[in-house]
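Each chain, letter by letter, is given below.
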Amino acid sequence: VRISGEVYNPNLIFYNPTVNFKEYITLGGGLTSNADLSNAFVSYSNGTSKKTRVILGIFQKHPKILPGCEIIIPFKSDNREKNKLSLSERLAIYSLISTSLTTLALVITRL
């Protein structure tokens with residue numbers, strides 16, 4: 001089983017049916033600080049691949065490890081800065097909300 005990507009010791013490890021996904025990562029030296037475990041996937045020797053699934057936003061279900069497969073841990077992209085709204089965008093949203101609420105209150109009082 002080959003372990004590659006964001007692990008400290010990318011390596012080739014002998015297949016052991018009793019070792020699970022996370023134990024193989026530990027055998028590969030563990031995850032780096034840039035590792036994105038939620039998007040990890042396993043590439044099988046027949047050409048197919050399976051991605052780690054997140055269930056209910058909490059639980060991770062990792063793919064089954066078979067002989068000859070490769071576990072790939074991708075790099076975590078930092079999208080936090082991209083997703084932040086600027087000050088002018090936030091002010092525009094707040095003013096839209098306050099205008100809508102004021103209009104709604106005015107309509108309700110006129111009924």
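Whatever comes next refers back to the structure up there.
On the surface, a nonpolar cluster with roughly 910 Å² of combined accessible area is contributed by Leu85, Leu87, Leu91, Ile93, Tyr94, Ile97, Leu101, Leu104 and Ile108. Looking at the secondary structure, you find Leu101 in helix 3 (residues 87–110). The class of Leu101 is exposed, set by a relative accessible area of 55%.

With respect to the helices and strands, Ser4 occurs in strand 1 (residues 2–5). By relative accessible area, Ser4 is classed as buried at 16%. Engagement of the side chain of Ser4 in a polar contact is seen with the side chain of Glu70, the distance being 2.7 Å. Aside from chain neighbours lying at most four places away, what touches Ser4 is Pro10, Glu70, Ile71, Ile72 and Ile73.

What follows is about the nonpolar core. In this structure, Phe21, Tyr24, Val42, Ile65, Ile71 and Ile73 are the most contacted members of the largest nonpolar core, which totals 17 residues. Residue assignment for this core shows that the elements contributing at least two residues are helix 1 (21–27) and strand 7 (70–73). Contacts of Ile71, omitting those with residues within four sequence positions, involve Val1, Arg2, Ile3, Ser4, Phe21, Tyr24, Phe41, Val42 and Ile65.

What counts, and at which threshold
Residues numbered from 1 in each chain as written. Predicted model: local features only at pLDDT ≥ 70, side-chain atom pairs only at ≥ 80, totals over all residues. Heavy atoms only, no water. Patch = residues over 30% accessible without salt bridge, like charges linked within 9 Å, V, L, I, M, F, W, Y side chains within 5 Å. Areas by Shrake-Rupley, 256 points an atom, 1.4 Å probe, with all protein chains shown as cover. Salt bridge = Lys/Arg side-chain N within 4 Å of Asp/Glu carboxyl O. Helix = DSSP H or I, 4+ residues; strand = E, 2+ residues; numbered from the N terminus. Buried < 20%, exposed > 50% of the residue type's maximum accessible area, 1.4 Å probe, protein only. Polar contact = N/O pair within 3.5 Å; in protein donor to acceptor, adjacent residues only side chain to side chain. Contact = heavy atoms within 4.5 Å. Core = buried A, V, L, I, M, F, W, Y, C linked by side-chain atoms within 4.5 Å.

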